[in-house]
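# Structure at a glance
The primary structure of each chain is shown beneath.
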Amino acid sequence: TIFIDIFEEIKSLAEKDDIEAISIVGGYYYLAHPPVERNLDSANFWYKKGAEMGHSYCQNYLANNYMYGNGLDRNLTLAFSWYKKAAEESERFEAYVKIGDFYKVGKFVEIDVEEAISWYRKAIKSFKKTHKNETSIAHEKLYNLKKLGYENAMTDNEIINKFIKESFHIEN
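What comes next concerns the included structure. The structure displayed is predicted, hence computed values, not measured ones. (Residues numbered from 1 in each chain as written. Predicted model: local features only at pLDDT ≥ 70, side-chain atom pairs only at ≥ 80, totals over all residues. Heavy atoms only, no water.)

### Remarks on the overall build of the protein chain
Helix and strand counts for the protein chain come out as nine helices and zero strands. In sequence order, the secondary structure elements of the protein chain are arranged as α-α-α-α-α-α-α-α-α. Burial analysis of the protein chain (172 residues in total) assigns 40% to the buried set. Counted over contacts in the protein chain with a minimum sequence separation of 6, partners at least 24 positions apart contribute 44%. As presented, the protein chain carries roughly 9900 Å² of accessible surface, and 51% of it is formed by carbon and sulfur atoms. (Helix = DSSP H or I, 4+ residues; strand = E, 2+ residues; numbered from the N terminus. Buried < 20%, exposed > 50% of the residue type's maximum accessible area, 1.4 Å probe, protein only. Contact = heavy atoms within 4.5 Å. Areas by Shrake-Rupley, 256 points an atom, 1.4 Å probe, with all protein chains shown as cover.)

### Comments concerning helix α7 (residues 113-125)
Taking 1.5 Å of rise per residue, 13 residues should cover 18 Å, and α7 covers 18 Å from first to last C-alpha, within 8% of that figure. The opening residue of α7 is D112, an N-cap whose side-chain oxygen sits 3.3 Å from the backbone nitrogen of E114. (Expected span 1.5 Å × (residues − 1). Polar contact = N/O pair within 3.5 Å; in protein donor to acceptor, adjacent residues only side chain to side chain.)

### Let's talk about a nonpolar patch on the surface
Residues I2, F3 and I6 make up a contiguous nonpolar surface patch of roughly 310 Å² in combined accessible area. Its location among the elements puts F3 in helix α1 (residues 2-15). (Patch = residues over 30% accessible without salt bridge, like charges linked within 9 Å, V, L, I, M, F, W, Y side chains within 5 Å. Salt bridge = Lys/Arg side-chain N within 4 Å of Asp/Glu carboxyl O.)

### Quick word on the packing of helix α4 (residues 56-68) against helix α6 (residues 93-105)
Put simply, α4 and α6 touch, their axes get as near as 10 Å, and they point 30° apart. Taken as a pair, α4 and α6 cross one another with a handedness that is left-handed. Here N60, N64, M67 and Y68 of α4 lie close against α6, whose contacting residues are E94, A95, K98 and F102. When grouped by side-chain class, the residues that make up the contact of α4 with α6 number four nonpolar, two polar and two charged. (Axes fitted to C-alpha atoms, helices over the stretch in contact; angles between N-to-C directions. Left-handed = near helix turned anticlockwise from the far one by under 90°. Nonpolar A, V, L, I, M, F, W, Y, C, P; charged D, E, K, R; others polar.)

### Describing the side chain of N60
Structurally, the position occupied by N60 is in helix α4. Note on N60: relative accessible area 3%, which makes it buried.

### So, the side chain of S56
Mapped onto the fold, S56 is located in helix α4. Given a relative accessible area of 15%, S56 falls into the buried group. Within polar-contact distance, the side chain of S56 engages the side chain of S90 at 3.2 Å. Look past the residues within four positions of S56 in its chain and what remains in contact with it is A86, S90 and R92.

### A few points about helix α5 (residues 76-90)
Its 15 residues place the ends of α5 21 Å apart at the C-alpha level, agreeing with the 21 Å of an ideal helix rising 1.5 Å per residue. Every buried residue belonging to α5 is among A79, F80, W82, Y83, A86 and A87, and all of these are buried. Contacts from the buried residues of α5 go to α3 (40-52), α4, α6 and α7. The opening residue of α5 is N75, an N-cap whose side-chain oxygen sits 3.0 Å from the backbone nitrogen of T77. A positive phi of about 55° marks E91, the residue just after α5.

### A look at the packing of α6 against α7
Relative to each other, α6 and α7 sit at 170°, their axes nearing to 8 Å. In terms of axis orientation, α6 runs roughly antiparallel to α7. Residues F93, Y96, V97, I99, G100, D101, Y103 and K104 of α6 lie in contact with α7, whose contacting residues are V113, E115, A116, W119, Y120, K122 and A123. Looking at the contact of α6 with α7, its residues break down into ten nonpolar, one polar and four charged. (Parallel < 35°, antiparallel > 145°, perpendicular 65-115°, else oblique.)

Next comes the structure, spelled out in C-alpha cells:
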C-alpha cells in the first residue's frame, strides 16, 4: 500500500543519516504508526541515533524511555543527561520541566527547589515554542511550590497574571 511505500522511503532517508527522517522513523516505531507495529527496540535505536546527532525530539524521547524504562533499562543518570542536552541545546520545553522535576523531588540529584524554580521558569520562557497547555503545567508546578512556602517560586507578577488568565480562561 501507499503507507508502506511512504514508510520505506522515510526509512531509506534515515539510513542515510537524514536527521528528520531518523526522528520520524523512531516515532513510527514508538507510536505503532501504520504500517509499522510498535517496536521499542527499533524506536530506541532511531531515537539514540538522532539524539547523538543533536535532534531535540529524539533526545527528549530517549530520555523519557530511560526515565520510564520503555524498552530500555530504567536509568535516571542517562535520562537526566539526555533531558539536559535537549533543554540546553534546543530549549525543549518538556526537557526543562523534567529537569525541574528532578531537582524538585531529588531524583538522581540533590533536592534543590531554587534550581527547580529556575528550570520551570526556563520552561515558561520557551512558551512561544510550545503549546499553551504545556506552559500551564510549568505554571502549576511553580504555583504548587509557592503553596509549600517557597516564596521565590511566584514573585514575577507576569507569571502569576498569566497563570490566572490561563487557568480561568480570562481574555485580555
